[in-house]
Amino acid sequence: MIYSRIAGTGSYLPEQIVSNADLEKLVDTTDEWIASRTGIRERRKAAEGETTGDLAFHASTRALEAAGVAASEIELIVLGTTTPDIIFPSTACLLQHRLGANGCAAFDVNAACSGFMYALGVADQFVRSGQVKKALVVGAETLTRMLDYSDRSTCVLFGDGAGAVVLEASSEPGILTTRLHADGGYKHLLYNPVGVSAGFRHDEPNAGVRVMMTGNEVFKVAVKTLDRMVGETLNAAGMAEKDVDWLIPHQANLRIIEATAKRLKLPMERVIVTVDRHGNTSSGSVPLALDEAVRSGKVQRGQNLLLEAFGGGFTWASALLRY
Ligand code: ACO
């Protein structure tokens, strides 16, 4: 049996910190409102000219270094993003060239905040089937590029960042299961109206920089769906709640994270939380949290990790793995 195993992790955050106090100067909000509703205290913002591909490159070089793998050994790059550098080529192709991994398969996955989890699920299948031995999986975003800084209901939530993992074929587990889901019927609750085929929407003010979200509705569906998915994931791996050492969730809202931890009967000390410092970095959030947990020494080899995300689409996805 072939498993894919995480050989190394890496992440990167842009330098500029935007605090809740900074946002108080832009919109009618307060640090108290943002922190109590979301858990967010600050987030990062990419510098002018700094792209998703730049963030992905730094995160990837750190993951390759941690894995002791050369870029030339990588046979597959899957990159989750909803904020690509340009429409095409894909950010994965731009990254591939910059890393010097030319020739291997490289493509983007757009699953909004579940982008990294989808990318991980896809890459895992390639490794398990024996098609590739080493894969680079990335989640990278510059969500602040599509924020309307006069809309208090969305601009306080998101930040920029990237994370990456190197997967390696192994006879030992590894990723035990990945679960990927979507329901496009929920498009209206969370979307960006800017189109290519649908038109660039010059008619809408700020159409080019808008995340449209009915936050409280998204919240309710997210909590219910993640609750269900946790059970499905444990079943698929033949595990129980007590077998999970760490929950590494998508970092959208501390209250959503707490609800999932409760479902898993896990104390918050066993949950990796970065939302306070990163905000919601969409596809970047799970691999950023994972890398932080690994580098801080919290997550140890041999432990069982439950990774999950929920986002626009709606999409939702999880992975249970032995680190
Ligand atoms: N500051 C102050 N007040 C605000 C702000 C703000 N930044 N934003 C909204 N409000 C107001 C609203 O206008 C509303 O006022 P009203 O009662 O007078 O109408 C009030 O606060 C309550 O608004 P709600 O939206 O009901 O607040 P809620 O408690 O639901 O929190 C939040 C909003 C934080 C967005 C929450 O619903 C949430 O986190 N939702 C889920 C987000 C998520 O998980 N998204 C998925 C991933 S994102 C992706 O895929 C790209």
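Residues numbered from 1 in each chain as written. Predicted model: local features only at pLDDT ≥ 70, side-chain atom pairs only at ≥ 80, totals over all residues. Heavy atoms only, no water.

Undergrad: Residue-level account of the site of the ligand, with values.
TA: What surrounds the ligand is a group of 26 residues, the closest being Thr29, Arg37, Cys113, Asn253 and Gly312. Residue threonine 29 places a side-chain N or O atom 2.6 Å away from a nitrogen atom belonging to the ligand. Elements that contribute at least two residues to the shell around the ligand include exactly helix H2 (31–38), helix H6 (152–155), helix H7 (215–237), helix H8 (254–263) and strand S12 (304–311). Tallying contributions element by element places H7 first for the shell around the ligand, with four residues. For the shell around the ligand, the residue count by class is 13 nonpolar, nine polar and four charged. Summarising the domain contributions, the shell around the ligand has at least three residues from each of domain 1 (3–172) and domain 2 (177–322). (Near = heavy atom within 4 Å. Polar contact = N/O pair within 3.5 Å; in protein donor to acceptor, adjacent residues only side chain to side chain. Helix = DSSP H or I, 4+ residues; strand = E, 2+ residues; numbered from the N terminus. Nonpolar A, V, L, I, M, F, W, Y, C, P; charged D, E, K, R; others polar. Domains from an automatic or database assignment.)

Undergrad: How would you explain the pattern of salt bridges if you had to name every residue and give the values?
TA: Considering all chains together, one arrives at 17 salt bridges under this definition. Here arginine 41 and aspartate 31 are joined by a salt bridge, their closest N and O atoms 3.5 Å apart. With a gap of ten residues between them, arginine 41 in the loop between H2 and strand S3 (42–45) and aspartate 31 in helix H2 connect regions that are remote in the sequence. We note a salt bridge from glutamate 292 to arginine 277, for which the minimum N-O separation is 3.0 Å. Here arginine 277 lies in helix H9 (residues 275–278) and glutamate 292 lies in helix H10 (residues 285–295), a separation of 15 residues in the sequence. A relative accessible area of 29% means that glutamate 292 is categorised as partly exposed. Residues joined by salt bridges that share partners form a network here, namely Arg5, Glu73, Lys134 and Glu168. (Salt bridge = Lys/Arg side-chain N within 4 Å of Asp/Glu carboxyl O. Buried < 20%, exposed > 50% of the residue type's maximum accessible area, 1.4 Å probe, protein only.)

Undergrad: Now, about the pairing of strand S4 (residues 76–80): what can you tell me, with residues and values included?
TA: Within S4, five of the five residues are buried, leaving the element largely enclosed by the surrounding structure. Residues Leu76, Val78 and Gly80 of S4 are buried on one face, and the alternating residues Ile77 and Leu79, pointing to the opposite face, are buried as well. Bridging between S4 and strand S5 (residues 105–109) involves five bridges; their strand directions are parallel. By the bridge assignment, leucine 79 is partnered in S5 with aspartate 108. One ladder, built from five bridges, connects S4 with strand S6 (residues 134–142); its direction is parallel. Pairing of valine 78 across the sheet is with valine 137, part of S6. (Pairing = 2+ DSSP bridges.)

Undergrad: I'd love a proper account of the nonpolar core, names of residues and values included.
TA: Formed by 37 residues in total, the largest nonpolar core has its most connected members in Val211, Leu234, Leu247, Leu264, Leu306, Phe310 and Phe314. Breaking this core down by element, the ones donating at least two residues are H7, H8, S12 and strand S13 (315–322). If one sorts the elements of this core by residue count, H7 sits on top with seven residues. Per-domain counts for this core show at least three residues from each of domain 1 (3–172) and domain 2 (177–322). In this view, leucine 264 contacts Val230, Leu234, Glu241, Val244, Leu247 and Leu306; residues no more than four positions away in its chain are not counted. (Core = buried A, V, L, I, M, F, W, Y, C linked by side-chain atoms within 4.5 Å. Contact = heavy atoms within 4.5 Å.)

Undergrad: An account of the packing of H7 against H8 is requested, with residue identities and associated values reported.
TA: Across the interface, H7 lies against H8 with an axial gap of 10 Å and an inter-helix angle of 30°. With respect to H8, the element H7 is oriented roughly parallel. Regarding H7 and H8, the two cross each other, and that crossing is right-handed. Of H8, the residues touching H7 (which contributes Phe219, Ala222, Val223, Leu226, Asp227, Val230 and Gly231) are Arg255, Ile256, Ala259, Thr260 and Arg263. In terms of residue class, the contact of H7 with H8 is made up of seven nonpolar, two polar and three charged. (Axes fitted to C-alpha atoms, helices over the stretch in contact; angles between N-to-C directions. Parallel < 35°, antiparallel > 145°, perpendicular 65-115°, else oblique. Left-handed = near helix turned anticlockwise from the far one by under 90°.)

Undergrad: A description of the sheet that holds S13 should follow, citing residues and the corresponding values.
TA: Remark on secondary structure: sheet strands pair via backbone hydrogen bonds, oriented parallel or antiparallel. With mixed pairing, four strands are arranged side by side in an open sheet as S8-S13-S12-S11. Since the sheet does not close on itself, it has two edges, and those belong to strand S8 (175–182) and strand S11 (246–249), each with one partner. Averaged over all adjacent pairs, the angle separating strand axes in this sheet is 10°, with direction ignored. As paired strands, S12 and S13 are joined by eight bridges and run antiparallel to one another. Considered in S13, the bridge of leucine 305 is made with leucine 321. The sheet strands contacting H7 are S8, S12 and S13, and the helix crosses S12 at an angle near 145°. Here H10 sits on the sheet and contacts S11 and S12; the angle it forms with S11, its principal contact strand, is near 145°.

Undergrad: Let's hear about the domain arrangement of the chain: which residues, and what values?
TA: With domains assigned, the chain is organised as domain 1 (3–172) and domain 2 (177–322). Placing the centre of domain 1 and that of domain 2 at their C-alpha centroids yields a distance of 14 Å. In this assembly, 55 residues from domain 1 lie in contact with 48 residues from domain 2. Roughly 3,700 Å² of surface becomes buried between domain 1 and domain 2 when both sides are summed, with 60% attributable to carbon and sulfur atoms. Broken down residue by residue, the surface that domain 1 buries against domain 2 is led by Cys113, Met117 and Tyr118, which jointly contribute 17%. On inspection of domain 1 and its partner domain 2, the count reaches one salt bridge. Among the ionic pairs, arginine 210 bridges to aspartate 148, the shortest N-O distance being 3.6 Å. At the boundary of domain 1 and domain 2, one finds 20 residue pairs in polar contact (both at pLDDT 80 or more). When residues of the side of domain 1 that touches domain 2 are traced back to their parent elements, those giving at least two are strand S1 (3–12), H2, S3, helix H3 (52–67), helix H5 (115–128), S6 and strand S7 (160–170). Within the side of domain 1 that touches domain 2, the residues separate by chemical class into 23 nonpolar, 18 polar and 14 charged. (Buried area = accessible area lost by both parts, 1.4 Å probe.)

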